[in-house]
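A structural walkthrough
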Amino acid sequence: MNIVSITPIAVGLPMRKPVIMAGEEVRRADNMLVRVVADDGTVGWGEAASAPTMTGETIASMTEAVHHLAPVLAGRDPADLDGAQAAMDGRMYANHAAKAAVEIALLDLVGRATGRPVHALLGDKLRERAPLLAVVGGGDRDGDLADAARKKAEGYTAFKIKVGVDAALRDAERTAAICAVLGDDVLISADANQGFSVDEALAFVRAVAGAGLDFLEQPVAAHDLGGMAEVAAATPIALGADEGIHGLDDIRRHHERKAAHGVSLKAIKLGGLRAVVEAGRLADRLGMDVNLSCKTGESSIACAAALHAAAVLPGLAWALTLTSPALAADVTAHPVAVSHGHVAVSDRPGLGIDVDTAMIERHRIAAPLRSVA
């Protein structure tokens, strides 16, 4: 079996409601899908979200990157994942999100061709289902309170409150109010998406002391390990690193500097599912907690991929963040199903989902034409 075509497809998916976070408002999810076809007709699908403030990649850059990578992948055995990764890295530096989408498509294709679920290609399955981290963040205090209460009633046991979108003390007041609604029998986090200065982060953690917040994600700039360490030393609330984690060395540095108690892992930051699993195993060895996450607005393709990685991770103390439930339209016939705040791991071949090409065409958006040298 050999690869005969690799096609990037840009889509713009509508959100049920906007997600408001520091530095970004997601009102439409702009993602790139990748379709890989083998010479026996087997098709694999992958996906990566546009995340210029996190990965530096846009729909245009990812689309062009996949076109640029395609020649070194054509004719290869899709099962040679190490060879494909080496070929991509030799052809193009970084571009982790584009490479992640390709790798996910290859894993899906190989799984479908061999009758194995993707998690079996990543390692031993350690869990049958995963708890989901429900995101609360619409920029409306009363709406956030109602949303948090509704999601707890639906069975969610883990939550993330978007902060860094207002003054630190106002964010703290809203966070404390949401914590009071949720109670002390669930996991509660806040995510500032680099939105605070060190002084603002210190004011925030002092103001929410005792409110029930379990961890605070990326309160200051990704590169500011000194600031992260200062905040971590000032509060019993655990600190998590997200935008600051793009490889194994980043995890080691945060651990050595005592700048984070845990990490948020995303395929688009690390370059694929296999890199996510490797990072999760490193975090476990270092005694760091793990949240596995999709970028806001990724469809059931990327979310199914994240679920397969979650199935084999040694630790998932900070739960799994799937973002497809926030979409008003998905690209699969049967979107990833959430039941009582958890999602079951699929044992179907590949990603275990059926892509709806009609839905893809309905939400397809213009992408730059490939440049011709």
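Residues numbered from 1 in each chain as written. Predicted model: local features only at pLDDT ≥ 70, side-chain atom pairs only at ≥ 80, totals over all residues. Heavy atoms only, no water.

**Describing the overall build of the protein**
In terms of regular secondary structure, the protein is built from 13 helices and 13 strands. A globule of 373 residues ought to have a C-alpha radius of gyration of about 21 Å, and the protein, at 20 Å, matches this closely. C-alpha extents for the protein along the principal axes are approximately 60 × 40 × 40 Å. The burial tally for the protein puts 57% of its 373 residues in the buried class. Long-range contacts, defined here as pairs at least 24 residues apart, represent 73% of the contacts in the protein between residues at least 6 apart. Carbon and sulfur atoms make up 50% of the accessible area of the protein, which amounts to about 14200 Å² in all. Each charge class in the protein can be summarised by its mean position, and for the 36 positive and 47 negative side chains these summaries are 2 Å apart. (Helix = DSSP H or I, 4+ residues; strand = E, 2+ residues; numbered from the N terminus. Rg over C-alpha atoms; globule rule 2.2 N^0.38 Å. Buried < 20%, exposed > 50% of the residue type's maximum accessible area, 1.4 Å probe, protein only. Contact = heavy atoms within 4.5 Å. Areas by Shrake-Rupley, 256 points an atom, 1.4 Å probe, with all protein chains shown as cover. Lys, Arg positive; Asp, Glu negative; His and termini not counted. Charge placed at Lys NZ, Arg CZ, Asp CG, Glu CD.)

**Remarks on the side chain of Lys162**
With respect to the helices and strands, Lys162 occurs in strand β6 (residues 158–162). On the accessibility criterion, Lys162 (6% relative accessible area) is buried. Here the side chain of Lys162 touches Asp191 through a polar contact of 2.9 Å, side chain to side chain. When sequence neighbours within four positions are dropped, the list of residues in contact with Lys162 reads Ile20, Met21, Val135, Val136, Gly137, Arg174, Asp191 and Asn193. (Polar contact = N/O pair within 3.5 Å; in protein donor to acceptor, adjacent residues only side chain to side chain.)

**So, helix α6 (residues 168–182)**
With 15 residues, α6 extends 21 Å from end C-alpha to end C-alpha; this agrees with the ideal 21 Å at 1.5 Å per step. All of the buried residues in α6 are Ala168, Asp171, Ala172, Arg174, Thr175, Ala177, Ile178, Cys179 and Leu182. Just downstream of α6 lies Gly183, where phi reads positive at about 85 degrees. (Expected span 1.5 Å × (residues − 1).)

**Considerations on the packing of aromatic side chains**
This structure, assessed with the given rule, holds 2 aromatic pairs. Relative to Trp318, the ring of Phe215 lies with its centre 3.8 Å away and its plane at 5 degrees, an arrangement referred to as stacked. Taken together, the residues Phe215 in strand β8 (residues 215–217) and Trp318 in the loop between α12 (300–312) and β12 (320–321) connect sequence positions 103 residues apart. Given the relative accessible area of 0%, Phe215 is considered buried. (Phe/Tyr/Trp six-rings, centres within 6.5 Å; stacked < 30°, edge-to-face > 60°.)

**Description of the packing of helix α2 (residues 81–91) against helix α3 (residues 96–114)**
Between α2 and α3, the least distance of the axes is 11 Å, while the angle of their chain directions is 160 degrees. Between α2 and α3, the angle falls in the class roughly antiparallel. For the element pair α2 and α3, the recorded crossing hand is right-handed. Every residue of α3 that contacts α2 at Leu81, Ala84, Gln85, Met88 and Asp89 is listed here: Lys99, Val102, Leu106 and Leu107. (Axes fitted to C-alpha atoms, helices over the stretch in contact; angles between N-to-C directions. Parallel < 35°, antiparallel > 145°, perpendicular 65-115°, else oblique. Left-handed = near helix turned anticlockwise from the far one by under 90°.)

**Things to note about the sheet that holds β6**
The 8 strands are arranged β5-β6-β7-β8-β9-β10-β11-β12 in an open sheet whose pairing can be described as parallel. Here the strands that pair on one side only, and so sit at the sheet edges, are β5 (133–136) and β12. In this structure, β6 lies alongside strand β7 (residues 187–191), joined through 5 bridges in parallel fashion. What sits directly across from Phe159, in β7, is Ile188. (Pairing = 2+ DSSP bridges.)

**As for helix α1 (residues 59–73)**
For α1, spanning 15 residues, the distance from its first C-alpha to its last is 21 Å, which sits close to the expected 21 Å at 1.5 Å a residue. Along α1, the residues that are buried comprise Ile59, Met62, Thr63, Ala65, Val66, Leu69, Ala70 and Leu73. Backbone geometry just after α1 places Gly75 at a positive phi near 85 degrees.

**Re the pattern of salt bridges**
Inspection of every chain in the model, using the stated rule, returns 29 salt bridges. The residue Asp80 makes a salt bridge to Arg76 at a minimum N-O spacing of 3.9 Å. One network of salt bridges, with partners in common, ties together Lys17, Asp147, Arg150, Lys151 and Glu154. (Salt bridge = Lys/Arg side-chain N within 4 Å of Asp/Glu carboxyl O.)

**Quick word on the environment of Val343**
Counting through the fold element by element, Val343 comes out in strand β13 (residues 342–344). For Val343, a relative accessible area of 3% translates into the label buried. Note: C-alpha distance between Val343 and Gly262 (81 residues apart in sequence) is 22 Å. Setting aside anything within four residues of it in sequence, one finds Val343 in contact with Arg129, Ala130, Leu132, Leu307, Leu320, Leu322, Val336 and Ala337.

**A short note on the nonpolar core**
Core analysis: the largest hydrophobic core is formed by 125 residues, its most contacted members being Val34, Phe204, Leu265, Leu273, Leu292, Leu320 and Leu322. The contacts of Leu292, once residues within four sequence positions are left out, are Leu265, Val276, Ala306, Ala309, Ala310, Leu313, Leu316, Ala319, Leu320 and Thr321. Leu133, Ala158, Ala238 and Ala319 belong to the second-largest nonpolar core, a separate cluster that totals 7 residues. (Core = buried A, V, L, I, M, F, W, Y, C linked by side-chain atoms within 4.5 Å.)

**A word on the packing of helix α5 (residues 141–153) against α6**
Orientation of α5 relative to α6, taken along the N-to-C sense of each, is 25 degrees, at an axis distance of 9 Å. Classified by the interaxial angle, the pair formed by α5 and α6 is roughly parallel. Crossing angle aside, the handedness with which α5 passes α6 is right-handed. Counted together, Arg141, Asp144, Leu145, Ala148, Ala149 and Lys152 of α5 and Glu173, Arg174, Ala177, Ile178, Val181 and Leu182 of α6 form the full contact between these two elements. Here the residues of the contact of α5 with α6 sort into 7 nonpolar, no polar and 5 charged. (Nonpolar A, V, L, I, M, F, W, Y, C, P; charged D, E, K, R; others polar.)

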